[in-house]
Amino acid sequence: MSAETPMPTPEQQEIVQRSVDLLAKLIAFDTTSVNSNLQLIEFVREYLQQEGLDSRLSYDETNKKANLWVTIGPDIAGGVVLSGHTDVVPVAGQDWSSDPFVMDTRNGKLYGRGTADMKGFVACVLAHTAYYKSLPLQVPLHFAFSYDEEVGCLGVRGLIDDVTANLPTPRAVIVGEPTSMKIIGGNKGGRSFHTVVTGVDGHSSLPQLGANAIIAANRIITNLVEIQDRLIAIADPNNGFVPPYTSLDLGLINGGQASNIIPARCEFSWGFRGLPGEDMDALEQEVREFIDSQVLPDLRAVSSATSIVTELRSDVPPLEPDENSAAEQLVRHLSRLNSSARVSYGTEAGLFQQAGIAGVIFGPGNIEQAHLPDEFVTIQQMQECCSFLSKLGGWAASPADT
Ligand SMILES: [Zn+2]
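Residues numbered from 1 in each chain as written. Predicted model: local features only at pLDDT ≥ 70, side-chain atom pairs only at ≥ 80, totals over all residues. Heavy atoms only, no water.

### Things to note about the sheet that holds strand 5 (residues 109–111)
Right, on to step 1. Ordered by their spatial adjacency, three strands build an open sheet running 4-5-17, and the pairing between neighbours is antiparallel. The open sheet has two edge strands with one neighbour each: strand 4 (104–106) and strand 17 (376–378). The average angle at which neighbouring strand axes cross in this sheet is 25°, direction not considered.
Right, on to step 2. Note that strand 4 and strand 5 share three bridges and pair antiparallel. The residue of strand 5 that forms the bridge with Asp104 is Tyr111. (Pairing = 2+ DSSP bridges. Helix = DSSP H or I, 4+ residues; strand = E, 2+ residues; numbered from the N terminus. Axes fitted to C-alpha atoms, helices over the stretch in contact; angles between N-to-C directions.)

### What to know about the coordination of the zinc ion
Right, on to step 1. For the zinc ion, the protein coordination sphere consists of His85 (NE2), Asp117 (OD), Glu177 (OE) and Glu177 (OE), at 1.8 to 2.6 Å.
Right, on to step 2. Each of the four donor atoms bound to the zinc ion contributes to angles spanning 53 to 139°, and the resulting shape is irregular.
Right, on to step 3. Positions of the donor residues of the zinc ion along the chain correspond to the pattern H-x31-D-x59-E. Taken as a pair, His85 in strand 3 (residues 80–85) and Glu177 in the loop between strand 7 (172–175) and strand 8 (184–187) lie far apart in primary sequence, 92 residues in all. Considered together, His85 and Glu177 belong to a single accessibility category, that of buried residues. (Donors = N, O, S within 2.8 Å, 3.2 Å for Na, K, Ca; no water. Tetrahedral: all angles 85-135°; square planar, octahedral: opposite > 155°, others 65-115°. Buried < 20%, exposed > 50% of the residue type's maximum accessible area, 1.4 Å probe, protein only.)

### Quick look at the pairing of strand 6 (residues 141–146)
Right, on to step 1. Across the six residues of strand 6, six count as buried, placing the element largely inside the fold.
Right, on to step 2. Of the two faces of strand 6, the one lined by Leu141, Phe143 and Phe145 and the one lined by His142, Ala144 and Ser146 are each fully buried.
Right, on to step 3. Summarising the sheet, strand 3 and strand 6 pair through six bridges and their orientation is parallel. The residue of strand 6 that forms the bridge with Leu82 is Phe143.

### A closer look at the sheet that holds strand 9 (residues 190–198)
Right, on to step 1. The strand order 11-13-9-14 describes an open sheet built from four strands, whose pairing is antiparallel. Lying at the two open borders of the sheet, with one neighbouring strand each, are strand 11 (247–255) and strand 14 (307–316). Here the strands of the sheet are splayed against their neighbours by 15° on average, with no regard to which way each runs.
Right, on to step 2. Looking at chain direction, strand 11 and strand 13 (residues 265–273) are connected through eight bridges and run antiparallel. From the neighbouring strand, Leu252 faces strand 13, where its bridge partner is Ser269.
Right, on to step 3. Packed on one face of the sheet, helix 6 (residues 213–234) meets strand 9, strand 11, strand 13 and strand 14 and runs near 10° to strand 13. (Contact = heavy atoms within 4.5 Å.)

### Looking at the layout of surface pockets
Right, on to step 1. When its volume is computed, the largest pocket comes out at roughly 790 Å³.
Right, on to step 2. Lining the largest pocket are 33 residues; nearest its centre among them are Glu150, Gly152, Asp249, Arg273 and Ser314.
Right, on to step 3. The biggest single contributor to the lining of the largest pocket is strand 13, with five residues.
Right, on to step 4. Class assignment of the residues belonging to the lining of the largest pocket gives a composition of 13 nonpolar, eleven polar and nine charged. (1 Å grid on protein atoms, 1.4 Å probe; cavity = no way out; pocket = protein on both sides within 12 Å on 5 of 7 lines; lining within 4 Å. Points joined across faces, edges and corners; volume = space filled by probe spheres on them. Nonpolar A, V, L, I, M, F, W, Y, C, P; charged D, E, K, R; others polar.)

### Observations concerning the side chain of Asn187
Right, on to step 1. One can find Asn187 in strand 8.
Right, on to step 2. Among the residues examined, Asn187 registers a relative accessible area of 0% and is labelled buried.
Right, on to step 3. One polar contact links Asn187 to Thr347, side chain to side chain, over a distance of 2.7 Å. (Polar contact = N/O pair within 3.5 Å; in protein donor to acceptor, adjacent residues only side chain to side chain.)

### Points about the environment of Tyr47
Right, on to step 1. On the secondary structure map, Tyr47 appears in helix 2 (residues 38–50).
Right, on to step 2. Sequence-distant contacts of Tyr47, that is, excluding residues within four places in its chain, are made with Arg18, Leu22, Leu126, Ala127 and Thr129.

### Digging into the packing of aromatic side chains
Right, on to step 1. For the structure on display, the rule yields eight aromatic pairs.
Right, on to step 2. With a centroid separation of 5.8 Å and an interplanar angle of 45°, the aromatic rings of Phe29 and Phe43 are classed as tilted. In this pair, Phe29 is assigned in the loop between helix 1 (10–28) and helix 2 and Phe43 in helix 2, connecting sequence segments 14 residues apart.
Right, on to step 3. An angle of 35° between the planes, with centres 6.0 Å apart, marks the rings of Phe143 and Phe145 as tilted. An identical accessibility class is assigned to Phe143 and Phe145; each is buried.
Right, on to step 4. One aromatic cluster is present, formed by Tyr131, Tyr132, Phe143 and Phe145 through successive ring pairs.
Right, on to step 5. Its guanidinium or amino end placed over the ring of Phe376, Lys109 lies 4.8 Å from that ring's centre, counting from NZ or CZ.
Right, on to step 6. Between the NZ or CZ atom of Lys188 and the centre of the ring of Tyr245, over which it lies, the distance is 5.9 Å. (Phe/Tyr/Trp six-rings, centres within 6.5 Å; stacked < 30°, edge-to-face > 60°. Lys NZ or Arg CZ within 6 Å of the ring centre and 35° of its normal.)

### Side note on the pattern of salt bridges
Right, on to step 1. As enumerated under the stated definition, the model contains 17 salt bridges in all.
Right, on to step 2. In this structure, Arg273 and Asp249 form a salt bridge, with 3.1 Å as the shortest nitrogen-oxygen distance. Of this pair, Arg273 sits in strand 13 while Asp249 sits in strand 11, and the two are 24 residues apart along the sequence.
Right, on to step 3. Judged by relative accessible area, Arg273 falls into the partly exposed class, the value being 31%.
Right, on to step 4. Judged by its relative accessible area of 30%, Asp249 is partly exposed. (Salt bridge = Lys/Arg side-chain N within 4 Å of Asp/Glu carboxyl O.)

### Some thoughts on the packing of helix 8 (residues 326–335) against helix 10 (residues 379–397)
Right, on to step 1. In the contact formed by helix 8 and helix 10, the axes pass within 10 Å of each other and the chain directions differ by 110°. It follows from the interaxial angle that helix 8 and helix 10 lie roughly perpendicular. Two secondary-structure elements touch here, helix 8 through Leu330, Val331, His333, Leu334 and Ser335 and helix 10 through Phe388, Lys391, Leu392 and Trp395.
Right, on to step 2. Class assignment for the residues of the contact of helix 8 with helix 10 results in six nonpolar, two polar and one charged. (Parallel < 35°, antiparallel > 145°, perpendicular 65-115°, else oblique.)

Laid out in structure tokens, this is it:
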């Protein structure tokens, strides 16, 4: 806690303890994105039910995943959304010191998959349910818990559609991704693809009879790197993003069977993390045109059965920084922080912003621990988050006084 933070009252200490207890419960649900999140959602729904709150669920098409939305306070527009995703990234292949789905406390740190990203925030929010219920809220507070954030911010889209179509529009959303309780006012977006090159196999001593899928993929990748170099050259180094350019993701490639067989198949995953304002449609179009005009004809000259298929895997809009937005102004006011930064990873905040709900990213835990083995959030970060959320309740009860 910072020097000017007063000693927590017994009531606040109780809320922090409740948030830690809740975090242990949330961690125990293995909500890796590939799994259903319904057990966790059901737990949260029952928890809120005990406080007399009815949750609103929106499901995916398989009915195995759901978003949860609940409102505390008046049924009016202008509320503040506290948003967190319920899914976590996989632990497969990671070397953990303790069971990632059993919260372990060591030296003031709470370990477990999702402690930082971002069940810690969800636990802090839930721990405030009774407190918020006890206040004469003039501004409604909404909890929004989504599924499938880690695989392209998929779930929250349905939640936002439901809210904007059927409910009074909130003024602001606080997305509690791990920012070490610093204000993040903007983030890059991202568009990712998977490309499958299908050539013609053959004996490697007779390359003229085959169509080498790895060579074709290599030409596409070289083009991607050239685009990246161009984007680096035109970047504004003072735009606040690190790195300050729209950057290339190229994280997976697979192809071929043996060194002496012409490969008939090569596939790779790629994408761009775009700055706010980047024309992602134009970038995508440029790559597709290069493939169609420069690479595919050479494969087709060998066989009409060859192909290059590029599938869009995810498309997350950026959060455009806006220091004067309702979201950032509110968090600055309550936290007494007077600056904000920008990050290069995608969040759900840009989707809320697209829907006309101002967004800011502000939550406990450090992004450096997210997605890694021995992920943790410190109890101190949980305390700071709870302190902030308590102040938010006081503001929502008497917004004119503060
Ligand atoms: Zn996250």
